[in-house]
Each structure stands twice: as structure tokens, then as C-alpha cells.
Amino acid sequence: MTVSLEVAEGVGTLRLDRPPMNALDIATQDRLKELAEEATRREDVRAVVIYGGEKVFAAGADIKEMQEMDHTAMVLRARALQDSFTAVARIPKPVVAAVTGYALGGGCELALCADFRIAGENAKLGQPEILLGLIPGAGGTQRLARLVGPSRAKDLIFTGRMVKADEAREIGLVDRVVPADEVYAQAHAWAAKLAQGPALALRAAKESIDTGLEADIDTGLAIERNWFAGLFATEDRERGMGSFVAEGPGKAKFL
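These lines cover the structure that appears in this document, whether it is placed above or below.

The rules behind these values
Residues numbered from 1 in each chain as written. Predicted model: local features only at pLDDT ≥ 70, side-chain atom pairs only at ≥ 80, totals over all residues. Heavy atoms only, no water. Helix = DSSP H or I, 4+ residues; strand = E, 2+ residues; numbered from the N terminus. Expected span 1.5 Å × (residues − 1). Polar contact = N/O pair within 3.5 Å; in protein donor to acceptor, adjacent residues only side chain to side chain. Pairing = 2+ DSSP bridges. Axes fitted to C-alpha atoms, helices over the stretch in contact; angles between N-to-C directions. Patch = residues over 30% accessible without salt bridge, like charges linked within 9 Å, V, L, I, M, F, W, Y side chains within 5 Å. Areas by Shrake-Rupley, 256 points an atom, 1.4 Å probe, with all protein chains shown as cover. Salt bridge = Lys/Arg side-chain N within 4 Å of Asp/Glu carboxyl O. Lys, Arg positive; Asp, Glu negative; His and termini not counted. Charge placed at Lys NZ, Arg CZ, Asp CG, Glu CD. Buried < 20%, exposed > 50% of the residue type's maximum accessible area, 1.4 Å probe, protein only. Contact = heavy atoms within 4.5 Å. 1 Å grid on protein atoms, 1.4 Å probe; cavity = no way out; pocket = protein on both sides within 12 Å on 5 of 7 lines; lining within 4 Å. Points joined across faces, edges and corners; volume = space filled by probe spheres on them. Nonpolar A, V, L, I, M, F, W, Y, C, P; charged D, E, K, R; others polar.

## Let's talk about helix 10 (residues 217–230)
Here comes step 1: Across its 14 residues, helix 10 extends 20 Å between first and last C-alpha, which sits within 8% of the 20 Å expected from 1.5 Å per residue.
Here comes step 2: A distance of 3.1 Å separates the backbone nitrogen of D218 from a side-chain oxygen at the start of helix 10, and that oxygen is part of D216.

This is how it looks when you write it as C-alpha cells:
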């Protein structure tokens with residue numbers, strides 16, 4: 001399989017495995033969607049890491065496969081392409097991308113679907129589709145602009161240039177830069193820590209932020225208000241507040 005899901009310590013690792021560059025062909029896209037939906041359903045998966053291996057995250061789409069597609073074929077495929085990435089973005093649990101080496105085109109777009117991005121010092125990210133006479137088609141024009149702002153997104157998309165890890169951190173494309181051989185360990189540690197937290201509250205926080213960003217402030221506040229009140233019906237809220245009163249902050253156990 002070109003994508004696998006391995007679970008340990010409450011963390012599901014979505015591992016891309018299509019050597020040598022993890023090119024995201026149609027079969028890989030479909031498998032990614034299938035496993036993202038599985039990670040969403042599984043109660044033993046409380047956080048997710050997306051990882052491409054020690055050398056490369058994902059160098060983009062399979063250009064040879066794409067070259068064979070005409071307009072009609074891509075009209076039929078484009079929605080499925082976006083849906084495979086959206087399935088990752090909508091995992092209602094904390095998701096971190098562990099980025100080593102190249103994350104270009106679809107690889108960069110996949111990293112954008114995570115809540116947090118940890119990059120190795122050897123990472124290079126970009127949206128080079130313009131060099132093929134195309135634009136990003138798996139969410140890049142939308143998620144990149146929302147993450148780094150429209151001007152920076154246009155710079156990357158219009159030029160097709162790659163950015164190294166330090167610049168990616170500077171513009172907000174990645175959140176942390178670490179030695180390349182520590183990327184997965186640090187990503188897994190971040191996810192494992194959150195996997196110990198209150199699952200429903202984490203889901204509420206993620207949905208409130210993500211959905212609220214697409215709405216006006218009043219709608220966003222209504223989303224937050226409804227989730228906030230709803231969490232008062234959960235065992236995790238009782239456990240968290242009870243622990244705070246009895247023992248002080250930060251000592252509640254939610255599993």
C-alpha cells in the first residue's frame with residue numbers, strides 16, 4: 001500500500017510510502033482519503049501524524065499520470081482530488097505534519113491540511129504548479145492564503161519558487177524547524193501529548209477555529225458558544241474541573 005495507518009500511544013501515523021518521492025498518484029490519493037476517514041472513526045486514534053519518511057515528505061502529484069489526462073478526465077477527477085485532502089483537513093483530532101525533504105505541490109497542500117507543521121532543516125516547500133502551466137488544485141490557493149496571507153501565497157504560487165525551512169517558518173508556513181533526524185520523534189511527541197487530552201474539547205476547539213475562520217465574527221462566536229455550553233455535558237469537563245478544584249491546574253487525567 002502507498003499509504004498506511006499505524007497506531008501507537010493513541011497516535012495514528014499516516015505514512016506515505018511510494019518511493020522514491022512519494023508522488024501522489026490517484027491510487028495514493030484515494031488511499032489517503034480512506035485512511036483519513038478511518039482515523040476519524042477509530043476511538044484508539046486520538047491524534048494524527050502525517051509523515052513521508054526520513055528523506056522526503058511528498059514531491060507532488062504524479063506528473064506522468066497527470067500528463068495523460070485531458071480536460072474531461074480532470075473535470076471528473078478534480079473533486080475526488082480535493083476530497084482526499086479535505087478528508088485529512090477534517091479529521092476532528094489534532095493533526096501534525098512531519099515534513100522532511102521536499103513538500104512540493106500536492107505535498108505542500110497535504111501539509112497545509114494539518115493543524116501544526118514540524119519541518120526538518122532539510123525541508124523545502126512550495127507550490128510549483130505554475131511552472132507546468134497550472135495552479136494548485138488540491139486546496140493550495142485556499143489553505144495557503146488563509147495560513148500565510150494572500151500576498152505571500154501569491155508570491156509562492158505566482159513564482160512557483162521553493163522556500164527552505166527557515167523562510168517557511170518566518171512566513172508561517174511551518175511552525176517549528178528541527179534537525180531532520182528528529183522530525184518524526186518531535187511530531188509524534190506533540191501528537192502523543194495531545195492524545196492524552198480531552199478528546200471532545202479538542203474536537204470542539206478545532207471545529208470552532210476552522211469553521212469560524214470561514215464565517216463572520218458573530219457566526220464564529222455562535223459556533224464557539226454552542227460548543228462551549230455543550231462541553232458542560234461531558235465527563236471530561238467534570239473530570240477536568242474536579243481535578244482543578246481538588247489538586248490545582250494541569251493534573252487531570254482524561255483517558
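## Comments concerning the sheet that holds strand 2 (residues 11–16)
Here comes step 1: Strand order in the open sheet formed by six strands is 1-2-3-4-6-9, with mixed pairing between adjacent strands. What marks the edges here is a single partner per strand, and that holds for strand 1 (3–8) and strand 9 (176–178). Direction aside, neighbouring strands of the sheet carry axes that sit 20 degrees apart on average.

## Notes on a negative patch on the surface
Here comes step 1: Residues E54, E121, D181 and E182 make up a contiguous surface patch of negative charge.
Here comes step 2: With respect to the element layout, E54 can be found in the loop between strand 3 (47–51) and helix 2 (63–67).

## Concerning the environment of G53
Here comes step 1: Structurally, G53 is set in the loop between strand 3 and helix 2.
Here comes step 2: Residue G53 is classed as buried on the basis of its relative accessible area, which comes to 3%.
Here comes step 3: Placed 38 residues apart in sequence, G53 and R15 show a C-alpha to C-alpha distance of 7.3 Å.
Here comes step 4: With residues up to four places along the chain from it excluded, the contact list for G53 reads R15 and T100.

## Overview of the layout of surface pockets
Here comes step 1: There is about 1000 Å³ of room inside the largest pocket.
Here comes step 2: Lining the largest pocket are 35 residues, with A89, C113, R143, D210 and E214 positioned closest to its centre.
Here comes step 3: Going through the elements one at a time, helix 3 (71–89), helix 5 (140–148), helix 8 (183–195) and helix 9 (199–212) are the ones with two or more residues in the lining of the largest pocket.
Here comes step 4: Here the lining of the largest pocket gets eight residues from one element, more than from any other, and that element is helix 9.
Here comes step 5: Of the residues in the lining of the largest pocket, the class split is 16 nonpolar, eight polar and eleven charged.
Here comes step 6: Here the second largest pocket is characterised by a volume of approximately 590 Å³.
Here comes step 7: As for the second largest pocket, its lining consists of 31 residues, of which A61, M66, E129, L134 and I135 are closest to the centre.
Here comes step 8: For the lining of the second largest pocket, the elements supplying multiple residues, two or more each, are helix 1 (26–41), helix 2, helix 3 and helix 4 (106–112).
Here comes step 9: The element best represented in the lining of the second largest pocket is helix 3, accounting for seven residues.

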